[in-house]
Amino acid sequence: MAIHPIEYRYGHADMKSICNEETRLSKMLSVEAALAKAQAHLNYIPKGADEKITRGAKNVRLDRVKAIEDEIHHDVMAVVLALAEQSDDAGKWIHFGATSNDILDTATALQIKDAILILRKETAKLRSTLIDTALQNKNTVCAGRTHGQIGVPTTYGLRFAIWASEIDRHIERLDQLTSRATVGKMSGAVGTQAAFGKKGIEIQKKTMEILGIEAADVSNQIIQRDRHAEFVMWMVNTVTTLDKIC
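The numbers attached to residues start from 1 for each chain and follow its sequence in the written order. Residue-level local features of this predicted model are given only where pLDDT is at least 70; pairs of side-chain atoms are given and counted only at 80 or more, and the full residue set underlies all totals for whole chains, interfaces and linings. Note that the side-chain values use all heavy atoms of the structure and ignore hydrogens as well as water.

1. Notes on the overall build of the protein chain
When its secondary structure is counted, the protein chain shows ten helices and four strands. Here the C-alpha atoms of the protein chain give a radius of gyration of 23 Å, more than 25% beyond the 18 Å that 2.2 N^0.38 yields for 246 residues. With respect to the principal axes defined by its C-alpha atoms, the protein chain has extents near 75 × 40 × 30 Å. Only protein chains enter the accessibility calculation, which uses a 1.4 Å probe; a residue whose area is less than 20% of its type maximum is buried, one above 50% is exposed, and one in between is partly exposed. Split into buried and exposed, the 246 residues of the protein chain put 42% on the buried side. Note on definitions: a residue-residue contact is assigned when non-hydrogen atoms from the two residues lie within 4.5 Å. Within the protein chain, counting contacts between residues at least 6 apart in sequence, those at least 24 apart form 70% of the total. A run of H or I in DSSP becomes a helix once it reaches four residues, and a run of E becomes a strand once it reaches two; helices and strands are each numbered from the N terminus. The atom set for the radius of gyration is the C-alpha atoms, and the globule formula is 2.2 Å times the number of residues raised to the power 0.38.

What follows is the structure, given as structure tokens:
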């Protein structure tokens, strides 16, 4: 059971599934497999090692990762070791040249990408409902308000149209920030890509291409958090509109 009752009882089922531990592990394993594929493609690790790692990723279980983490006290290394157990002799090539946040931050980008798809769909549905309701009530008179009291008459149509316009701007903002919030990285310790040698930029680009996201234009050990903050602030802004409508 979740620590907080709202997390356990409420929420969009699809969104909750994006944020659970199983999904988080799955995304991390996807990044490790994509890295191996990119490295094999660029002859940085032996051909065929990537196939064994990719197959192994399908057999890693959360309880095994947790057991290893309890022993070694390192989350990403626990994933690497659990994956190595399932990858035969290719285990030594897992995570080759990478740093922990290459995996963690890129996995987060994949989760944000999935979350944005849901948010885009749901806000578009709300916009359509508000537009329809505005049209249906363009002649429905109601009291306006000014200075905290009853004002001259207005219409419910106008009120719903204003809300629809506001939601439309939120959708526009979401479309604009998506490319900034859903980027990954593969740059190694402190972001120099030194562990990848001369192929660092190619490895990063190919890994993200396999994952279906863009690579960060530049980063250090982490994806810079302004990207995440922009997405969080979009949610805050949108929720403020929903609060006003309610």
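After presenting the structure, the write-up continues.
2. As for the packing of helix α3 (residues 21-41) against helix α7 (residues 100-136)
Working convention: axes come from line fits to C-alpha atoms, limited for helices to the stretch in contact. Angles between N-to-C directions cover 0 to 180 degrees. Where α3 contacts α7, the two axes come as close as 8 Å, and the packing angle between them is 120°. Relative to α7, α3 is oriented oblique. Considering the relative orientation of α3 and α7, their crossing is right-handed. Here Arg24, Lys27, Met28, Val31 and Glu32 of α3 lie close against α7, whose contacting residues are Asp102, Ile103, Leu104, Thr106, Ala107, Thr108, Leu110, Gln111 and Asp114. Here the contact of α3 with α7 is built from residues that sort into six nonpolar, three polar and five charged. For classification purposes, angles smaller than 35 degrees are called roughly parallel, those larger than 145 roughly antiparallel, those between 65 and 115 roughly perpendicular, and all remaining angles oblique. When the near helix sits turned anticlockwise from the far one by under a right angle, the crossing is termed left-handed; a clockwise turn instead gives a right-handed crossing. Put simply, Ala, Val, Leu, Ile, Met, Phe, Trp, Tyr, Cys and Pro go in the nonpolar bin, Asp, Glu, Lys and Arg in the charged bin, and everything else, Gly too, in the polar bin.

3. Considering the packing of aromatic side chains
Pairing of aromatic rings covers Phe, Tyr and Trp, the last counted by its six-membered ring, and requires centre-to-centre distances within 6.5 Å; plane angles under 30 degrees mean stacked, over 60 mean edge-to-face, and any other angle means tilted. Under the definition given, this model contains four aromatic pairs. Ring centres of Tyr44 and Phe196 lie 6.1 Å apart, and the angle between their planes is 70°; this geometry places the pair in the edge-to-face category. One end of the pair, Tyr44, is in the loop between α3 and α4 (49-57); the other, Phe196, is in the loop between β3 (183-184) and α9 (200-211), with 152 residues separating them in the sequence. For Phe196, a relative accessible area of 1% puts it in the buried group.

4. Considerations on α4
Burial in α4 covers these residues: Ala49, Asp50, Ile53, Thr54, Gly56 and Ala57. Projected onto a plane normal to the axis of α4, the buried residues spread over an arc of 160° and lie on a single side. Looking at the buried side of α4, the elements it contacts are α3 and α6 (75-85). Within this analysis, the arc is defined by the directions that extend from the helix axis to the C-beta atoms.

5. Concerning α6
Those residues of α6 not exposed but buried are Val76, Ala78, Val79, Val80, Ala82 and Leu83. In this structure, the buried side of α6 is in contact with α3, α4, α5 (62-72) and α7.

6. Examining the environment of Met28
By the secondary structure assignment, Met28 is in helix α3. Met28 sits in the buried class, given a relative accessible area of 6%. Separated by 112 residues in sequence, Met28 and Thr140 have C-alpha atoms that sit 53 Å apart. In contact with Met28, not counting residues within four places along its chain, are Val76, Val79, Ile103, Leu104 and Ala107.

7. Side note on a nonpolar patch on the surface
Residues enter patches when they are more than 30% accessible in relative terms and free of salt bridges; like-charged ones are connected within 9 Å and nonpolar ones (Val, Leu, Ile, Met, Phe, Trp, Tyr) within 5 Å. For every accessible area listed, the method is Shrake-Rupley and the probe measures 1.4 Å; residues are considered covered only by the protein chains on display. Here, a salt bridge means any Lys or Arg side-chain nitrogen found within 4 Å of an Asp or Glu carboxyl oxygen. On the surface, a nonpolar cluster with roughly 330 Å² of combined accessible area is contributed by Val232, Met233, Met235 and Val236. Note that Val236 resides in helix α10 (residues 226-245). A residue is classified by how much of its surface remains accessible, and Val236, at 42% relative accessible area, is partly exposed.

8. Concerning unusual backbone geometry
The phi dihedral of His147 falls on the positive side, at around 55°, and the residue is not glycine. Topologically, His147 is positioned in the loop between β1 (141-146) and β2 (149-155). Residue His147 is classed as exposed on the basis of its relative accessible area, which comes to 77%. In this structure, Val190 is a non-glycine residue whose phi angle is positive, near 55°.

9. Description of the pairing of β2
Two strands qualify as a pair provided DSSP detects at least 2 bridges between them. Looking at chain direction, β1 and β2 are connected through five bridges and run antiparallel. Residue Thr146 lies in a different strand from β2, and its bridge partner there is Gln149. From the end of β1 to the start of β2, which pair antiparallel, there are two residues, and His147 there has a positive phi angle of about 55°.

10. What about the pattern of salt bridges?
Throughout the structure, instances matching the rule amount to 13 salt bridges. Between Arg64 and Glu85 there is a salt bridge, and its shortest N-O distance comes to 2.5 Å. You can see Arg64 sitting in helix α5 and its partner Glu85 sitting in helix α6, a full 21 residues away along the chain. Classification of Glu85 as partly exposed rests on a relative accessible area of 43%. For Glu166, the salt bridge identified is with Lys244, shortest N-O distance 2.6 Å. Placement of Glu166 in helix α8 (residues 156-181) and of Lys244 in helix α10 is noted, with a sequence separation of 78 residues between them.

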